[in-house]
Amino acid sequence: MNIDHIEAFMYVVHLNSFHKAAEAMFLSQPTVSARIKTLESELDSVLFERQGRGIILTEKGKAFIPFADQIIRTFHQGKQQLKTGSELEEITIGANIITSQYFIPFALPLWKKENPNLRFKFISATNDALMEKLLQKQVDIAFMKDITHSGLQNYKTLDNSIRLVVYPGHPFQLRTGLTVQELAMEPLVFFECGALDWNHVHKIFEVSNVEPRIDFQVDHLEVAKSLILSRSCIGFLPYLCIKKELEQGTLVEVDVSHLIKIKQHIYLTHLNHGVESPLLWKDILLSILKFEKKHQQLPIQSN
């Protein structure tokens, strides 16, 4: 039984997609499909069944998950022990400011728990600084905004779209179809981060030839969020910094997709040759799924 085939199985299970599994493993989708078919042949069991446009795990597939996970983990831990002896291998992970503050504290303990033989070094820096550190091999993996560089690979991960949020009880809470004019009359906090996407927020007012009521202009996310929580204003903020408050109900998102859509993600970035520790790569992807509260019960898409 080939360990690569078992890893392909686990990637498909955890990412809910043959296509995403292929991207994560830096393989073509047909290669991943072939590995699954070979594994099914070796186990004499069907692990996935087609359902509409997607596929779902069979009962035998579900039963195989804990064994597959243990096989992979034992293999890589043994391989690492032979390679390093009693010394811990160090891996350096970088993240931009917003990811450092809102995702990394959640994820690092999970990564360490699943990889006790790894020593984690963490660096928080700007996107430009992270790119340089990746290229100079000072950082192994970085969470950052989308960049284009021939020496780097990007993998879309965390949703960090810009949302309009208000405090509970605000008149906009139950409104749909807000106009730019109505929005411009409310006291606003603007968070200046220098990103191009923030210009889009300004544009919705410029296009309608209205002047927004910007009562506060700040350069720190927590300050902007605190002002909204204090019921002093409303504002546009990136999803990562307000995720907890939205779940708790202390902030409320207002749908303004008819006025503006600012979709942006955090990307997991590394050098073209791939990630040094495939086991850690899997655990990173799992931590993202846990953070975003995705579940294995969701239908698995074949493309």
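Just so it is clear, the model here is predicted, and its values are computed rather than measured.

The rules we used
Residues numbered from 1 in each chain as written. Predicted model: local features only at pLDDT ≥ 70, side-chain atom pairs only at ≥ 80, totals over all residues. Heavy atoms only, no water. Core = buried A, V, L, I, M, F, W, Y, C linked by side-chain atoms within 4.5 Å. Buried < 20%, exposed > 50% of the residue type's maximum accessible area, 1.4 Å probe, protein only. Helix = DSSP H or I, 4+ residues; strand = E, 2+ residues; numbered from the N terminus. Contact = heavy atoms within 4.5 Å. Phe/Tyr/Trp six-rings, centres within 6.5 Å; stacked < 30°, edge-to-face > 60°. Lys NZ or Arg CZ within 6 Å of the ring centre and 35° of its normal. Pairing = 2+ DSSP bridges. Axes fitted to C-alpha atoms, helices over the stretch in contact; angles between N-to-C directions. Expected span 1.5 Å × (residues − 1). Salt bridge = Lys/Arg side-chain N within 4 Å of Asp/Glu carboxyl O. Arc of directions from axis to C-beta. pLDDT = per-residue confidence, 0-100. Parallel < 35°, antiparallel > 145°, perpendicular 65-115°, else oblique. Left-handed = near helix turned anticlockwise from the far one by under 90°. Nonpolar A, V, L, I, M, F, W, Y, C, P; charged D, E, K, R; others polar.

A. Structural detail: the nonpolar core. Of all hydrophobic cores here, the largest spans 62 residues; its most connected members are Phe 9, Phe 48, Phe 103, Trp 111, Phe 143 and Leu 237. If one sorts the elements of this core by residue count, helix H1 (residues 3-15) sits on top with nine residues. In this structure Trp 111 touches Ile 93, Phe 103, Ile 104, Phe 120, Phe 143, Leu 280, Asp 283, Ile 284 and Ser 287, once residues within four positions along its chain are discounted. One finds Ile 162, Leu 164, Leu 183 and Leu 188 within the second-largest nonpolar core, a separate group that totals 20 residues.

B. Here's a closer look at the packing of aromatic side chains. Inspection of the entire model under this criterion finds 10 aromatic pairs. Put simply, the rings of Phe 103, Phe 106, Trp 111, Phe 120, Phe 143 and Phe 291 touch in pairs and so form one group of aromatic residues. Over the ring of Phe 291 we find Lys 243; its NZ or CZ atom is 4.6 Å from the centre of that ring.

C. Broad picture of the sheet that holds strand S12 (residues 265-271). The strand order across the open sheet formed by five strands is S4-S3-S5-S12-S6, and the pairing between neighbours is mixed. Each edge of the sheet is formed by a strand with only one pairing partner; in this case those strands are strand S4 (118-124) and strand S6 (152-159). Geometrically, the sheet is characterised by an average inter-axis angle of 25 degrees between neighbouring strands, direction not taken into account. Alignment of S6 against S12, held across six bridges, turns out to be antiparallel.

D. Layout of helix H3 (residues 29-43). With 15 residues, H3 extends 21 Å from end C-alpha to end C-alpha; this agrees with the ideal 21 Å at 1.5 Å per step. After H3 finishes, the residue Asp 44 shows a positive phi value of roughly 55 degrees.

E. A look at the pattern of salt bridges. If you walk through the whole model with that rule in mind, you get nine salt bridges. For Asp 215, the salt bridge goes to Arg 213, with nearest N and O atoms at 3.3 Å. The partly exposed category is assigned to Asp 215, whose relative accessible area is 36%. A relative accessible area of 42% means that Arg 213 is categorised as partly exposed. A salt bridge links Glu 245 to Lys 225, with the shortest nitrogen-to-oxygen separation between them at 3.1 Å.

F. Local environment of helix H10 (residues 221-229). Taken together, the buried positions of H10 are Leu 221, Ala 224, Lys 225, Leu 227 and Ile 228. Buried residues of H10 fall within an arc of 155 degrees about the axis and therefore sit on the same side. Summarising the contacts, the buried residues of H10 are in contact with helix H5 (97-102), strand S7 (162-166), strand S8 (188-191), strand S9 (214-218), strand S10 (234-238) and helix H11 (239-248).

G. Representation of the confidence of the model for the protein chain within the structure. For the protein chain, the average pLDDT comes to 85, and 89% of its residues sit at 70 or higher. Ranking the elements of the protein chain by mean pLDDT puts strand S13 (residues 300-301) last with 40 and strand S11 (residues 252-254) first with 96. With pLDDT under 50 throughout, residues 294-303 is counted as low confidence; its partners more than four residues away or in other chains account for 30 contacts.

H. Broad picture of the environment of Val 218. Residue placement: Val 218 occurs in strand S9. By relative accessible area, Val 218 is classed as buried at 15%. Residues Val 218 and Glu 192, 26 residues apart in the sequence, show an inter-C-alpha distance of 6.2 Å. When near neighbours in sequence (up to four residues on either side) are disregarded, Val 218 contacts Val 189, Phe 190, Phe 191, Glu 192, Val 223, Ala 224 and Leu 227.

I. Structural detail: the side chain of His 5. Considering the arrangement of structural elements, one finds His 5 in helix H1. Those residues in contact with His 5, other than ones at most four positions away along the chain, are Arg 35, Thr 38, Leu 39 and Glu 42.

J. Broad picture of the sheet that holds S9. Spatially, S9-S8-S10-S7-S11 is the arrangement adopted by the five strands of the open sheet, whose pairing is mixed. Across the chains shown, the open sheet's two edge strands, defined by having one partner strand only, are S9 and S11. Between one strand axis and the next, the sheet turns through 35 degrees on average, direction left out of account. With four bridges connecting them, S8 and S9 associate as parallel partners. The partner of Leu 188 across the bridge, within S9, is Ile 214. Contacts from H10 reach S7, S8, S9 and S10 within the one sheet, and its direction differs from that of S10 by about 145 degrees.

K. Expanded view of the packing of H1 against H3. Contact geometry of H1 with H3 gives a least axis separation of 8 Å together with a crossing angle of 110 degrees. By the angle class used here, H1 and H3 are roughly perpendicular. Where H1 crosses over H3, the two elements pack in a sense that is left-handed. Taken together, the residues of H3 that come into contact with H1 (itself represented by Asp 4, His 5, Ile 6, Ala 8, Phe 9 and Val 12) are Val 32, Arg 35, Ile 36, Thr 38, Leu 39 and Glu 42. Residues of the contact of H1 with H3, tallied by class, amount to seven nonpolar, two polar and three charged.

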